Amino acid sequence: MLIEHRGQAPVVPDSAYVAPSATLCGAVVLGEGARVLHGAVLTAEDGEVRVGENTVVMEHALVRGRAGHPAVIGDAVMVGPHAHVNGARVESEAFVATGASLFPGAVVGTGAEVRINAVVQVNSRLAPGTVVPISWIAVGDPARLFSPDRHDEIWAVQGELDFPGTVYGVSRGTPMREIMARQSEFFGAHRDDIVLGDLRRR
């Protein structure tokens, strides 16, 4: 399904394929030969989503772009089922496996692999060719890799990366009621969306 959001509609070339149950919302631009499979959601909130040539976004993946953190995915990238690419840059020929999560400001270098359920935290930069093992966390710029049982070490790095400022635009310690009031207002812009319809294979 194609949806106009904030006055912008998705751009899908004839050579691309969007499954009938996938959703492209707002300023989403697909490259030649891109494939967006069933249940995937690519949503450009107030910023862009760009997907390169011959990139495949698998079932139920989420790709979200914001003004300060567009989601930019290069050429020949695999975004696996249930992966979460939120305001991150994924360079060409990278592999983002099932259930992996990339947070705003993250960069996944050319040819890097973020394996099953692994995480690249906010404002973290993964060097080209790096492999993040299954369920591990990449954090920092340049990113350091940690197994999930090393929470205190992860937090020692992550605490400096300003998750609340990057993701919500607030300082650490802001009450959740204030954060969610702001988020509710922001996402309320979807009330004015215009459904453009389904895009069938040509």
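Anything mentioned here points back to the structure above.
Report on the accompanying structure. The structure presented is a predicted model; accordingly, all values stated were derived computationally and were not measured.

Brief notes about the sheet that holds strand 2 (residues 17-18)
Point 1. Taking strand neighbours across the sheet as the criterion, the 7 strands line up as 2-5-8-11-14-17-20 in an open arrangement whose pairing is parallel. The sheet terminates laterally at strand 2 and strand 20 (131-132), the two strands that pair on one side only.

Some remarks on helix 3 (residues 176-187)
Point 1. For helix 3, with 12 residues, the first-to-last C-alpha span of 16 Å sits near the 16 Å given by 1.5 Å per residue.
Point 2. Along helix 3, the positions that sit buried rather than exposed are Ile179, Gln183 and Phe186. On an axial view of helix 3, the arc spanned by its buried residues comes to 60°, and they lie on one face. Turned more than 90 degrees from where helix 3 packs its buried face, Arg177, Ser184 and Glu185 sit exposed.
Point 3. Against the buried residues of helix 3 lie helix 2 (163-168).

A word on the side chain of Ser101
Point 1. With respect to the helices, strands and loops of the structure, Ser101 is situated in strand 15 (residues 101-102).
Point 2. You can call Ser101 buried: its relative accessible area is 16%.
Point 3. Sequence-distant contacts of Ser101, defined by excluding residues within four places in its chain, comprise His84, Ala118, Val119 and Val120.

Rules used in this analysis
Residues numbered from 1 in each chain as written. Predicted model: local features only at pLDDT ≥ 70, side-chain atom pairs only at ≥ 80, totals over all residues. Heavy atoms only, no water. Pairing = 2+ DSSP bridges. Helix = DSSP H or I, 4+ residues; strand = E, 2+ residues; numbered from the N terminus. Expected span 1.5 Å × (residues − 1). Buried < 20%, exposed > 50% of the residue type's maximum accessible area, 1.4 Å probe, protein only. Arc of directions from axis to C-beta. Contact = heavy atoms within 4.5 Å.

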